[in-house]
Amino acid sequence: MRIGVDLGGTKTEALALDDHGHELRRIRRPTPQQDYLGTVQTITALVQDLEQEIGGRGTVGVGIPGTVIAATGLVKNANSTWLNGRPLQHDLSEALSREVRCANDANCFAISEATDGAAVGAEVVFGVILGTGCGGGVVVRGGLLTGPNGLAGEWGHTPLPWPSAEEWPGPQCYCGRRGCLETWISGRGFERDFERVEGRSLPSAEIVAAAAGGDADAEAALVRLEDRIARGLSTIVNIVDPDVIVLDLQMPNIDGFTVLQELNADQRTSVIPLIVSTSLAVDAELKAKLPIGTRVISKNLISRENVSLFLRDATSFRSALS
Ligand SMILES: [Zn+2]
């Protein structure tokens, strides 16, 4: 049995797979905020509960919103900042009495999508998670690029490209700099942007819902988000020119099928090297309906609004790339 844990900024989920990769069971709990020991205990309890329910003992891997520095074993670059400087891998191994391996969550996502997900068969894949934070991972010919500092693909702390006067110097980032992509295009960044501009505070899911209901301010916030994600991705395209960019848009959401329909209706998307997200299975019939140049699409987690980001206005890609 293999157990994988996704340590997120707001929730932590543990999944048990049998030896053939079939799902046995999964459990999700809130991530304790600002509480390192609580986080260790939550992960430990999730694993123990899974093993008790299933009746067995598994290997454990944990995707974390940060990186474990090989030389020190300490976490860095985590947007769940209470993990930074902590020996998470060591403490989990102790608590669970076995070797536990921690890896950057966006790297886990990218290698997973490249191996048997939305980007299977693609030569160069850029995987993006836009959730509480903003992470990325690069896979080349089936292998993950990590880099000597464990930083490959870590685009969340690169600056927002081509900032407007209103976007300069940008929000303060927990990393110490201002204007990092993460401060703009993560779920939290999206909410803060809406609050800054509109003077009211709403969770990202409600902003998206309001836009769908015709709220012009919410719609404008989505358009700004769209443009910023496109600008951020355009630098990735210029550096590694991925065959596929897989987006895991965890923000608000749901109707992946509508997204595909909209994508189908918008022939402009053919300029995009490729995009999409995880969760709506795409069969051959659907694929055949997609614009030429659109190579992969998959799975749920995307909302019509989120993806229309790229679809409604692919011009931001074109202008950035031209
Ligand atoms: Zn930063």
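By convention here, each chain's residues receive numbers from 1 onward along its written sequence. Given that this is a predicted model, residues contribute local features only at a pLDDT of at least 70 and side-chain atom pairs are listed and counted only at 80 or more, while totals for whole chains, interfaces and linings are drawn from all residues.

> I keep staring at the overall build of the protein chain and nothing clicks. Help me out?
A run of DSSP states H or I qualifies as a helix once it reaches four residues; a run of E qualifies as a strand once it reaches two. Both are numbered from the N-terminal end. The helix and strand inventory of the protein chain stands at 11 helices and 11 strands. Out of the 322 residues belonging to the protein chain, those deemed buried represent 45%. Contact between two residues is assigned whenever their backbone-derived C-beta positions fall within 7 Å. For the protein chain, long-range pairs separated by at least 24 residues make up 60% of all intrachain contacts whose partners lie at least 6 apart in sequence. Partly exposed residues are those whose C-beta has more than 12 but fewer than 20 other C-beta atoms within 10 Å; with 20 or more the residue is buried, with 12 or fewer it is exposed, and the C-beta atoms are placed from the backbone.

> What is the right way to read the nonpolar core from this model?
Generally speaking, nonpolar side chains in soluble globular proteins are found buried as a group. A set of buried Ala, Val, Leu, Ile, Met, Phe, Trp, Tyr and Cys residues, joined through C-beta atoms within 7 Å, is what we mean by a nonpolar core. Counting 61 residues, the largest nonpolar core has Val5, Val47, Val62, Ile64, Ala110, Val125 and Ile185 as its most contacted members. The greatest single-element share of this core, amounting to seven residues, is contributed by helix α7 (residues 216-240). If we ignore the near neighbours within four places in the chain, the residues touching Val47 are Ile3, Val5, Ala14, Val60 and Leu96.

> I keep staring at the pairing of strand β1 (residues 2-7) and nothing clicks. Help me out?
For a regular strand, the rule is simple: side chains alternate between the two faces of the sheet. Two strands pair if DSSP finds at least two bridges between them. With six bridges connecting them, β1 and strand β2 (residues 11-17) associate as antiparallel partners. Of the residues in β2, the one forming a bridge with Gly4 is Leu15. Taken together, β1 and the strand that follows it, β2, pair antiparallel across an intervening segment of three residues. Strand direction decides the pairing type here: β1 and strand β4 (residues 59-64), joined by five bridges, are parallel. Bridge pairing links Gly4 to Gly61 in β4.

> Please explain the sheet that holds strand β7 (residues 100-104) as it appears in this structure.
Strands sit in the order β3-β2-β1-β4-β7 across an open sheet of five strands; the sheet is mixed. The sheet terminates laterally at β3 (23-30) and β7, the two strands that pair on one side only. Mean inter-strand twist for the sheet, computed between neighbouring axes without regard to direction, equals 15°. Taken strand by strand, helix α1 (residues 36-54) contacts β1, β2, β3 and β4, and its axis lies near 150° from that of β3. In this description, a line fitted to the C-alpha atoms serves as the axis of each element, helices being fitted only across the stretch in contact, and the angle between N-to-C directions of two axes falls anywhere from 0 to 180 degrees.

> Would you take a moment to explain the environment of Ala152 for this structure?
Residue placement: Ala152 occurs in the loop between β10 (143-145) and α4 (181-185). With 21 C-beta atoms packed within 10 Å, Ala152 lands in the buried category. Taking C-alpha positions, Ala152 is 8.8 Å from Asn107, a pair spaced 45 residues apart along the chain. When sequence neighbours within four positions are dropped, the list of residues in contact with Ala152 reads Val138, Leu145, Thr146 and Gly147.

> Before we go on, may I ask you to explain the packing of α1 against helix α2 (residues 88-96) in this structure?
In a pair of packed helices, the angle between the axes and the distance between the axes together describe the arrangement. Viewed as axis vectors pointing N to C, α1 and α2 meet at an angle of 40°, and their least axial separation amounts to 10 Å. On the basis of their axis angle, the class for α1 and α2 is oblique. Crossing handedness for the pair α1 and α2: right-handed. Contact residues: Val40, Ile43, Thr44 and Val47 in α1; Asp91, Leu92, Ala95 and Leu96 in α2. Residue classes in the contact of α1 with α2 are distributed as six nonpolar, one polar and one charged. An angle counts as roughly parallel when it lies under 35 degrees, as roughly antiparallel when it exceeds 145, as roughly perpendicular when it falls between 65 and 115, and as oblique in every other case. Helix crossings get a hand from a simple test, with the near helix turned counterclockwise from the far one by less than a right angle marking a left-handed crossing and a clockwise turn marking a right-handed one. Residues are grouped as follows: nonpolar covers Ala, Val, Leu, Ile, Met, Phe, Trp, Tyr, Cys and Pro; charged covers Asp, Glu, Lys and Arg; every other residue, Gly included, is treated as polar.

> Whenever I open this one, the pairing of strand β8 (residues 124-130) confuses me. Can you help?
The buried count for β8 comes to six of seven residues, which makes it a mostly enclosed element. By the bridge criterion, seven bridges tie β8 to strand β9 (residues 134-140) in an arrangement that is antiparallel. Counterpart to Ile129 in the pairing with β9 is Gly135. Between β8 and the antiparallel strand that follows it, β9, lie three residues.

> Even after reading the chapter, I still don't get α1, so can you show me in this structure?
Each turn of an α-helix holds 3.6 residues, which means side chains three or four residues apart point in the same direction. Working rule for helices: expected span equals 1.5 Å times residues minus one. The end-to-end C-alpha separation of α1 is 27 Å, in line with the 27 Å expected for 19 residues at 1.5 Å each. Restricting attention to buried positions, one finds in α1 the residues Thr39, Thr42, Ile43, Leu46, Val47 and Leu50. In a view along the axis of α1, the buried residues occupy a sector of 125°, so they form one face of it. Opposite the buried face of α1, at more than 90 degrees from it, the exposed residues are Leu37 and Gln52. Where α1 is buried, its residues meet β1, β2, β3, β4 and α2. Directions are taken from the helix axis to each C-beta atom, and the arc is the one they span.

> Where do I start with the confidence of the model for the protein chain in this structure?
Predicted coordinates in areas of low pLDDT are best not read in detail. On average, residues of the protein chain score 77 in pLDDT, and 76% of them reach the 70 mark or higher. Per-residue confidence from the prediction method is given by pLDDT, with values spanning 0 to 100. Long-range and interchain partners of residues 252-283, a stretch whose pLDDT sits below 50, account for 98 contacts in this model, where long-range means more than four residues apart. The model gives residues 286-322 a pLDDT under 50, and that stretch makes 107 contacts with residues more than four places away or in other chains.

> Sorry, what's going on with the environment of Phe194 here?
Here Phe194 is to be found in helix α5 (residues 187-198). Judged by the 25 C-beta atoms lying within 10 Å of it, Phe194 is buried. Through-space distance from the C-alpha of Phe194 to that of Ser204 is 8.9 Å; in sequence the pair is 10 residues apart. Each residue touching Phe194, except ones within four places of it in the same chain, is listed here: Leu202, Ile207 and Ala221.

> Quick question: what am I supposed to make of the environment of Gly232 here?
Inspection of the secondary structure puts Gly232 in helix α7. By C-beta crowding, Gly232 is classed as buried, having 24 other C-beta atoms within 10 Å. Beyond its immediate stretch of four places on either side in the chain, Gly232 contacts Trp155, Leu160, Pro161, Leu181 and Ile185.

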